[in-house]
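So you can see what is in the structure, the chains are spelled out below.
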Amino acid sequence: MASSGLSAEQHRPVPFYRNVKVLAVLAQIAFLVLIILLFWILYSNMIRGLRIANIPLDFGFLDDTAGFAIGETSIAYQPADTYARAFAVGVVNTLRVAGLGIILATILGTIVGIGRLSNNWLLRNVAAAYVAIFRNTPLLVQLIFWYIAVIRRLPRVRNAWGINGVILASNRGLAVAWPAAAESYRTWEPWLWMGLVIGVLAFVARRWQLARMDRPGSALPHAFLAAGLTVLIGALIVFATTGTLPLTIGQPVLGGFNFTGGAVLSPEFFALLLGLTIYTAAFIAEVVRGGIQSVNKGQVEAARALGLSPSQTLRLVIFPQALRVIIPPMTNQYLNLTKNSSLGVAVAFPDMFNVSSTIINQSGRSVQMFALIMASYLSVSLLTSLLMNLYNNRIRLVER
Amino acid sequence: MKLKQSPLLVAMLVLALVLSACAGSAPAGETSTGAGAASVAAASQAAVNSAPLAASTAASTATASTAASVAASEAASTAASASAAAGGTGQASAAASTAAAASGSAAPVTPASAGEYLQTIRNRGRLVCGFHGGFAGFGTLDQSGNAVGFDVDICKAVAAAIFGDATKIEFRPLPSAATRFTAVQTREIDILSRNTTWTISRDTSVGMDFAPTTFYDGQGMMVRTAENLTRLEDMGGATICVQSGTTTELNLTDAFRALNLEISPVVFDTQDAATSAYAEGRCDGLTTDKSQLASIRVGLPNPDEHVIMDVTMSKEPLTPAVLQGDPQWHDLVAWVVYGLITAEELGITQENVDTFSASQDPNVRRFLGLEGELGQGLGVENNFMVNVIKGVGNYGEIYNRHLGPETPFNLPRGQNALYRDGGLLYAPPFR
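Scoring rules and cut-offs
- Residues numbered from 1 in each chain as written.
- Chains lettered and ligands numbered in written order.
- Predicted model: local features only at pLDDT ≥ 70, side-chain atom pairs only at ≥ 80, totals over all residues.
- Heavy atoms only, no water.
- Helix = DSSP H or I, 4+ residues; strand = E, 2+ residues; numbered from the N terminus.
- Buried < 20%, exposed > 50% of the residue type's maximum accessible area, 1.4 Å probe, protein only.
- Contact = heavy atoms within 4.5 Å.
- Areas by Shrake-Rupley, 256 points an atom, 1.4 Å probe, with all protein chains shown as cover.
- Patch = residues over 30% accessible without salt bridge, like charges linked within 9 Å, V, L, I, M, F, W, Y side chains within 5 Å.
- Salt bridge = Lys/Arg side-chain N within 4 Å of Asp/Glu carboxyl O.
- Phe/Tyr/Trp six-rings, centres within 6.5 Å; stacked < 30°, edge-to-face > 60°.
- Lys NZ or Arg CZ within 6 Å of the ring centre and 35° of its normal.
- Core = buried A, V, L, I, M, F, W, Y, C linked by side-chain atoms within 4.5 Å.
- Disulfide = S-S within 2.5 Å.
- Axes fitted to C-alpha atoms, helices over the stretch in contact; angles between N-to-C directions.
- Parallel < 35°, antiparallel > 145°, perpendicular 65-115°, else oblique.
- Left-handed = near helix turned anticlockwise from the far one by under 90°.
- Nonpolar A, V, L, I, M, F, W, Y, C, P; charged D, E, K, R; others polar.
- Pairing = 2+ DSSP bridges.
- pLDDT = per-residue confidence, 0-100.

## Overview of the overall build of chain B
Alright, step 1. Within chain B one finds 15 helices and 13 strands.
Alright, step 2. For chain B, the proportion of its 431 residues judged to be buried stands at 52%.
Alright, step 3. Contacts in chain B between residues far apart in sequence, at least 24 positions, make up 71% of those at least 6 positions apart.
Alright, step 4. Of the roughly 18,000 Å² of accessible surface on chain B, 56% is carried by carbon and sulfur atoms.

What follows is the structure in structure tokens.
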């Protein structure tokens with residue numbers, strides 16, 4: 001055996017500089033120190049620069065008057081409001097376009113993804129072309145294309161397309177008839193809250209009933225029915241007592257420089273929403289396709305053998321199983337869409353980043369504003385992935 | 001519920017705390033390696049407290065600024081050792097100059113030492129000038145890709161004063177107004193000559209130092225002739241295209257707030273985007289400085305369909321800017337501009353400047369450096385104005401070359417004439 005041939009020299013412990021384990025740890029420590037040093041140099045350089053330029057590093061300036069107007073606001077905002085309020089307007093605009101974009105991109109992407117696997121030659125190839133085109137061109141190019149080459153090519157506001165009073169499209173945006181609060185709205189408002197409460201109660205009761213009967217199904221239709229009926233009855237009572245309906249239909253008509261009445265989707269918002277939806281849907285389509293293809297072929301064959309129709313097979317057998325594969329990469333796409341909404345600056349949409357650029361220029365507080373922007377995107381992204389992870393855990397295959 | 005991203009979050013928090021702790025502890029006289037170790041300990045302590053990120057960053061910043069005046073020299077040596085560690089890369093000289101600046105920060109009032117900026121430029125061998133890059137007449141690129149324009153010539157004049165050669169210069173286009181001050185603050189550029197309005201907040205809280213105004217302008221409004229608009233009062237509810245990050249955006253709001261009218265601004269990142277949106281009818285009006293509107297109007301498909309309203313919403317003194325903190329560098333830029341004005345006053349031009357060397361007029365002799373040592377205080381040759389005039393000519397020549405009657409803009413001198421001709425240009429004496 002080897003022990004007889006070994007000399008005393010070979011038994012000596014390996015010096016640390018030749019010990020692979022020690023070296024690995026040392027290398028990691030050296031790497032860590034280097035990284036920290038690098039960040040420290042960057043940070044101290046920034047602090048020094050700010051000190052030279054006499055710029056304080058606090059957030060007090062957020063209480064100063066903003067003094068600039070914002071074209072598109074979802075919450076009340078006046079130029080005399082504070083920077084903080086202006087930033088909030090930007091955040092709400094970002095959330096609005098990102099939230100709507102996520103919903104629309106999911107719907108469109110799912111349709112295209114299923115279309116990719118269709119037996120219909122035309123549908124299959126149209127879906128494939130869609131994915132190829134929109135997944136392989138840069139989003140910024142697409143956004144500018146939608147904004148400049150499509151939406152701004154719409155007729156000028158004085159020759160808008162559409163039906164006056166119902167829907168009008170021009171390069172000032174898309175104006176549609178939209179409910180607006182009437183004088184009796186205030187008396188109707190309690191009914192809205194009551195509708196909400198009754199809806200929730202109906203949901204809980206129906207769920208309990210379903211569980212007791214041990215039957216599958218959703219409690220949502222009952223909840224919506226109950227809530228809707230309450231609100232409708234409320235509206236009729238308000239009409240009977242005050243003589244006016246609580247809501248009127250605001251009709252878009254051309255007056256002065258622009259549309260008045262109804263709801264107006266600005267070209268900037270529309271271009272950004274369109275670009276984000278179409279671009280992200282191409283990725284979602286591939287995610288959905290991959291998810292569906294990951295389901296074992298035997299599942300489809302078994303479902304068909306049991307006599308389920310193709311749509312039933314898709315809805316009841318394939319999709320529930322595909323979802324497990326779809327959700328994690330879908331989260332990535334949602335995060336991408338939210339972050340990509342900052343490209344709205346290219347189409348003049350006043351999102352968080354666009355408003356912040358103005359604030360930076362007026363106040364000079366670039367470091368604080370960028371910290372705020374990053375913190376906001378980080379919060380939104382972490383919240384999105386938290387919700388998606390919760391959902392993922394719920395639909396996960398339960399291993400017994 | 002176990003969250004997938006929680007380790008990442010913790011890692012980021014720890015990293016942020018380490019960074020802020022580093023900045024807090026470094027001025028206290030630690031060596032660079034010691035600071036690293038100490039800060040890890042501080043970070044772990046802070047992590048126990050689990051203080052909010054923003055609060056801890058702010059706290060450490062406060063520590064840094066209070067400790068700065070006491071121990072700035074230690075900080076400088078720390079920076080020097082840090083830059084030595086980073087040596088061997090192309091950043092070495094930049095790091096050295098950073099260290100030099102930090103040692104200057106021992107004086108609490110003016111952090112950058114006088115003359116340091118000029119020395120940096122000399123060592124580099126060229127001036128880095130931020131200009132617009134897409135603004136015809138003021139700062140744009142010609143067919144062969146060279147920077148040309150009124151603002152560009154101001155930069156060239158400064159380069160000529162430093163090096164005796166107006167070509168020792170590097171141009172950085174800054175088409176987006178929103179990033180221009182950051183470019184100065186981070187020393188990406190030495191001088192910002194990009195139709196920038198001088199305001200008190202930019203002079204103080206944004207950290208700029210402004211040289212004298214080179215072009216007096218005012219904000220105007222362009223509308224379609226067919227709209228028949230003459231007063232701002234008629235424009236309530238109008239949509240106005242405007243570039244972001246400009247005083248224009250604020251002035252627009254102020255003007256209509258004063259009239260108690262609401263308008264809807266559409267804010268674009270670049271002037272080109274705002275202009276094309278206006279041209280296509282997205283907006284009823286386009287607002288920016290009048291000089292720029294004149295330049296834009298000439299470029300529109302049918303200039304006659306557009307009219308610049310006879311209203312002025314603001315004073316816009318367009319002025320070159322440098323980073324606050326080095327008085328000598330600011331003085332040099334200021335006196336080059338004054339020199340251009342004085343040259344026009346004295347009738348000295350690019351062509352005849354050599355003939356003035358025989359002049360007996362003491363004003364001319366001092367101005368051209370034949371007598372006295374006026375250049376020395378600025379850190380340049382005494383005959384620096386000779387180089388400047390040979391390089392770009394006097395103020396009037398620069399104006400006529402880019403904006404005068406021979407150009408498409410044909411802007412009248414107006415307020416930009418010499419004071420003796422009824423304008424606002426007035427240079428203090430060279431004495």
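## Observations regarding a nonpolar patch on the surface
Alright, step 1. On the surface, a nonpolar cluster with roughly 730 Å² of combined accessible area is contributed by A:Phe16, A:Tyr17, A:Val22, A:Leu23, A:Val25, A:Leu26, A:Ile29 and A:Val33.
Alright, step 2. Turning to its location among the elements, A:Val22 is positioned in helix α3 (residues 20-52).

## A look at the packing of aromatic side chains
How two aromatic rings sit relative to each other is given by the distance of their centres and the angle of their planes.
Alright, step 1. Summed over all chains, the structure comprises 22 aromatic pairs over all chains.
Alright, step 2. Judged by centre distance (5.3 Å) and plane angle (65°), the rings of A:Phe145 and A:Trp146 are edge-to-face.
Alright, step 3. An angle of 15° between the planes, with centres 4.8 Å apart, marks the rings of B:Phe135 and B:Phe138 as stacked. A single burial state applies to B:Phe135 and to B:Phe138, both of which are buried.
Alright, step 4. Among the aromatic residues, those joined into a ring-pair cluster are B:Phe135, B:Phe138, B:Phe150, B:Phe215, B:Tyr395 and B:Tyr399.
Alright, step 5. A cation sits over an aromatic face here: A:Arg96 above A:Phe269, 4.4 Å from the ring centre.
Alright, step 6. If you follow B:Arg413 out to its NZ or CZ, it ends over the ring of B:Tyr399, 5.0 Å from the centre.

## Describing the nonpolar core
Alright, step 1. Of all hydrophobic cores here, the largest spans 71 residues; its most connected members are B:Leu127, B:Ile191, B:Trp329, B:Ile348 and B:Val388.
Alright, step 2. Per element, the largest residue contribution to this core is 10 residues, and it comes from helix α12 (residues 327-346) of chain B.
Alright, step 3. Not counting chain neighbours up to four residues away, the residues in contact with B:Val388 comprise B:Ala157, B:Ala160, B:Ala161, B:Val336, B:Leu340 and B:Gly393.
Alright, step 4. Core analysis: the next-biggest nonpolar cluster, separate from the first, contains 44 residues, A:Leu143, A:Tyr279, A:Ile326 and A:Ala348 among them.

## Section: the state of the cysteines
All names here are of chain B.
Alright, step 1. Applying the stated criterion to the full structure yields 2 disulfides over all chains.
Alright, step 2. Through a disulfide, Cys129 is tied to Cys155; the S-S separation comes to 2.0 Å. For the disulfide bridge between Cys129 and Cys155, the dihedral angle about the S-S bond is near 75°, and by the sign convention the bridge is right-handed. One end of the pair, Cys129, is in strand β1 (residues 127-131); the other, Cys155, is in helix α6 (residues 150-163), with 26 residues separating them in the sequence. Here Cys129 and Cys155 have matching classes, each one buried.
Alright, step 3. Here Cys241 pairs with Cys283 through a disulfide, and the sulfurs are 1.9 Å apart. Measuring the twist about the S-S bond at about 70°, one finds the Cys241-Cys283 disulfide to be right-handed. One end of the pair, Cys241, is in strand β8 (residues 239-243); the other, Cys283, is in the loop between α10 (271-279) and β10 (285-289), with 42 residues separating them in the sequence.

## What about the packing of helix α5 (residues 121-135) of chain A against helix α9 (residues 267-293) of chain A?
Residue and element names in this part refer to chain A.
Alright, step 1. One can describe the packing of α5 onto α9 by two numbers: an axis separation of 9 Å at closest approach and a directional angle of 120°. For the element pair α5 / α9, the angle class is oblique. Between α5 and α9 lies a crossing of left-handed hand. The residues of α9 that touch α5, namely those facing Tyr130, Val131, Phe134 and Arg135, are Thr277, Ile278, Tyr279, Ala281, Ala282, Phe283, Ala285 and Glu286.

## What to know about the packing of helix α12 (residues 352-363) of chain A against helix α13 (residues 366-395) of chain A
All names here are of chain A.
Alright, step 1. In the contact formed by α12 and α13, the axes pass within 9 Å of each other and the chain directions differ by 165°. Judged by the inter-axis angle, α12 sits roughly antiparallel to α13. Every pair of crossing elements has a handedness; the one defined by α12 and α13 is right-handed. Note on element contacts: α13 touches α12 through Ser366, Met369, Phe370, Ile373, Ser376 and Tyr377, opposite Met352, Phe353, Ser356, Ile359 and Ile360.
Alright, step 2. For the contact of α12 with α13, the class distribution of residues is 8 nonpolar, 3 polar and no charged.

## Focus: the sheet that holds strand β8 (residues 263-265) of chain A
Residues and elements named next belong to chain A.
Alright, step 1. The strand order across the open sheet built from 4 strands is β1-β2-β3-β8, with neighbouring strands paired in antiparallel fashion. The sheet is open, and its two edges are formed by β1 (161-163) and β8, each paired on a single side. Looking at each pair of strands side by side, their axes are set apart by 15° on average, direction ignored.
Alright, step 2. Examined bridge by bridge, strand β3 (residues 173-176) and β8 share 3 bridges and lie antiparallel to one another. Counted as the bridge partner of Val176 is Ala263 from β8.

## Regarding unusual backbone geometry
Alright, step 1. At A:Ala348, a residue that is not glycine, the phi angle is positive and equals roughly 65°.
Alright, step 2. Assignment of secondary structure puts A:Ala348 in the loop between α11 (310-340) and α12.
Alright, step 3. A relative accessible area of 3% means that A:Ala348 is categorised as buried.
Alright, step 4. For B:Asn228, which is not a glycine, the phi torsion comes out positive at approximately 60°.

## Digging into the pairing of β3(A)
All names here are of chain A.
Alright, step 1. Side chains Gly173 and Ala175 of β3 all project onto a buried face; the interleaved residues Leu174 and Val176 project onto a face where none is buried.
Alright, step 2. Of the strand pairs in this sheet, strand β2 (residues 167-170) and β3 are connected by 4 bridges, and their pairing is antiparallel. The partner of Ile167 across the bridge, within β3, is Val176.
Alright, step 3. Where β2 folds back onto β3 in an antiparallel hairpin, the turn is made up of 2 residues.

## A look at the confidence of the model for chain B
Residues and elements named next belong to chain B.
Alright, step 1. Looking at chain B, the pLDDT average stands at 77 and 73% of residues meet or exceed 70.
Alright, step 2. Every residue in residues 1-5 is under pLDDT 50, and counting partners more than four places away or in other chains gives 8 contacts.
Alright, step 3. Scored below 50 in pLDDT, residues 21-112 makes 75 contacts in the model with residues more than four places away or belonging to other chains.

## Digging into the environment of B:Thr275
Residue and element names in this part refer to chain B.
Alright, step 1. Summarising the element assignment, Thr275 is placed in helix α10.
Alright, step 2. For Thr275, a relative accessible area of 11% puts it in the buried group.
Alright, step 3. When the C-alpha positions of Thr275 and Leu286 are compared, they lie 7.1 Å apart, and in sequence the two are 11 residues distant.
Alright, step 4. If we ignore the near neighbours within four places in the chain, the residues touching Thr275 are Leu286, Ile296 and Leu300.

## What about helix α5 (residues 116-124) of chain B?
Alright, step 1. Here α5(B) has its buried residues at B:Glu116, B:Tyr117, B:Leu118 and B:Ile121.
Alright, step 2. Positive phi shows up at B:Gly125, right after α5(B), with a value of about 90°.

## Considerations on the environment of A:Met330
Residue and element names in this part refer to chain A.
Alright, step 1. Along the chain, the position of Met330 falls in helix α11.
Alright, step 2. On the basis of relative accessibility, which here comes to 5%, the residue Met330 falls in the buried class.
Alright, step 3. Note: C-alpha distance between Met330 and Ser385 (55 residues apart in sequence) is 9.9 Å.
Alright, step 4. Not counting residues up to four positions away in its chain, the partners in contact with Met330 are Thr106, Ile284, Val287, Val288 and Met388.

## What to know about the side chain of B:His330
Alright, step 1. Tracing the chain through its elements places B:His330 in helix α12.
Alright, step 2. Apart from the residues within four sequence positions on either side, B:His330 is in contact with B:Asp209, B:Phe210, B:Ala211 and B:Val322.

## Some points on the pattern of salt bridges
Alright, step 1. The tally for this structure, following the rule as stated, stands at 19 salt bridges over all chains.
Alright, step 2. The partner of B:Asp354 in a salt bridge is B:Lys390, and the shortest N-O contact between them spans 3.3 Å. Residue B:Asp354 is located in the loop between α12 and α13 (362-367), and its partner B:Lys390 is located in helix α14 (residues 384-392); the two are separated by 36 residues in the primary sequence.
Alright, step 3. Residue B:Lys390 is classed as partly exposed on the basis of its relative accessible area, which comes to 45%.
Alright, step 4. Three or more residues are tied together by salt bridges with common partners; here these are A:Arg116, A:Arg135, A:Glu286 and A:Arg289.

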